[in-house]
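# Analysis of the macromolecular model
One-letter residues, chain by chain:
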Amino acid sequence: MSLRWDNDPPFSMQLADGSIAGISIDSAREVLQGLGCEVRLVRLPWARALRDLEQGRLDVLTGAFRKPEREVYAHFSGVIEEPSRNILFMHREAAARWPVSELLQLRDTPFRLGAQIDVSYGPGYQKLIQTPAFHERMEFSATRLNLWRMVAKGRIDGVIADEHSGQQELADLGLSELILATPVVVSSEGAETAFSKKSVASEFVQRYAEALRRQIAEGRYAQIRQRYLQP
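What comes next concerns the included structure. (Residues numbered from 1 in each chain as written. Predicted model: local features only at pLDDT ≥ 70, side-chain atom pairs only at ≥ 80, totals over all residues. Heavy atoms only, no water.)

## Some words on the side chain of H91
- Within the secondary structure, H91 sits in strand β7 (residues 86-91).
- Residue classification places H91 among the buried positions, given a relative accessible area of 12%.
- Setting aside chain neighbours within four positions, we find H91 in contact with V151, D157, L178 and I179. (Helix = DSSP H or I, 4+ residues; strand = E, 2+ residues; numbered from the N terminus. Buried < 20%, exposed > 50% of the residue type's maximum accessible area, 1.4 Å probe, protein only. Contact = heavy atoms within 4.5 Å.)

Dropping the structure here:
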């Protein structure tokens, strides 16, 4: 089974020794190997991973949100793992200028938002980008690393990211004092594991979901999380 990874700590990342690990990687790899699969890790940006999943070149994609257009080409495991929140991160000056509590409060402001290509951030984000003037000011990139750099250089004012991933990436980049986590929760729905319909049978997806539930019930998933999240 080919399993997607990219630099998305603490869920997926390359460690100092060159190995690939993270919460999602360790969990999925354990489950897949327990089902008798050999796991091949493939590094792909998100938009490319979705295309490869659709075309059958990628078998497994963790951290995916179920959407009607994706259900055409992908099986979904169901929400099994504890949901994590996507929040808005802002440049320190932007946070002082726009002390908002909801994303849509930025719709009629000159705020410049950065987002990853083809990433789903929830209904509030979808409403926001339907405002033509706001959408025109947005910057899109295949990787969050580019977006953090744009914020640091003042090209954009903020980025949406998973709260754990964002905080760890900013710490690694030395930008935690410049780019701040805000109380704006953009989405908190649970992500799922997606499987290509061209290469994976629905029966296998059910077995995967059952094995993941056992991993959680037996405490192994909590042990995996503890490896990467600070208490």
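## Remarks on the pattern of salt bridges
- On inspection of all chains with the given rule, the structure shows 16 salt bridges.
- The partner of R66 in a salt bridge is E71, and the shortest N-O contact between them spans 3.0 Å.
- By relative accessible area, E71 is classed as partly exposed at 32%.
- For E69, the salt bridge goes to K67, with nearest N and O atoms at 3.4 Å.
- Overall, E69 belongs to the partly exposed group, its relative accessible area being 46%.
- Via salt bridges that share partners, R4, D6 and R43 belong to a single interconnected network. (Salt bridge = Lys/Arg side-chain N within 4 Å of Asp/Glu carboxyl O.)

## Comments concerning the packing of aromatic side chains
- Using the criterion set out here, one finds five aromatic pairs in the structure.
- Ring geometry for Y121 against Y125: centres 4.9 Å apart, planes inclined by 75°, an arrangement best described as edge-to-face. You'll find Y121 and Y125 in the same group, each marked buried.
- Geometrically, the ring pair formed by F195 and F204 is edge-to-face, given 6.3 Å between the ring centres and 75° between the ring planes. (Phe/Tyr/Trp six-rings, centres within 6.5 Å; stacked < 30°, edge-to-face > 60°.)

## With respect to the sheet that holds strand β10 (residues 158-162)
- Spatially, the five strands line up as an open sheet ordered β9-β8-β10-β7-β11, and their pairing is mixed. Looking at which strands have only one partner, the edges of the open sheet turn out to be β9 (139-141) and β11 (179-187). If you compare each strand with its neighbour and ignore which way they point, the axes differ by 30° on average.
- Running at roughly 120° to β10, helix α8 (residues 163-173) makes contact with β7, β10 and β11 of the sheet. (Pairing = 2+ DSSP bridges. Axes fitted to C-alpha atoms, helices over the stretch in contact; angles between N-to-C directions.)

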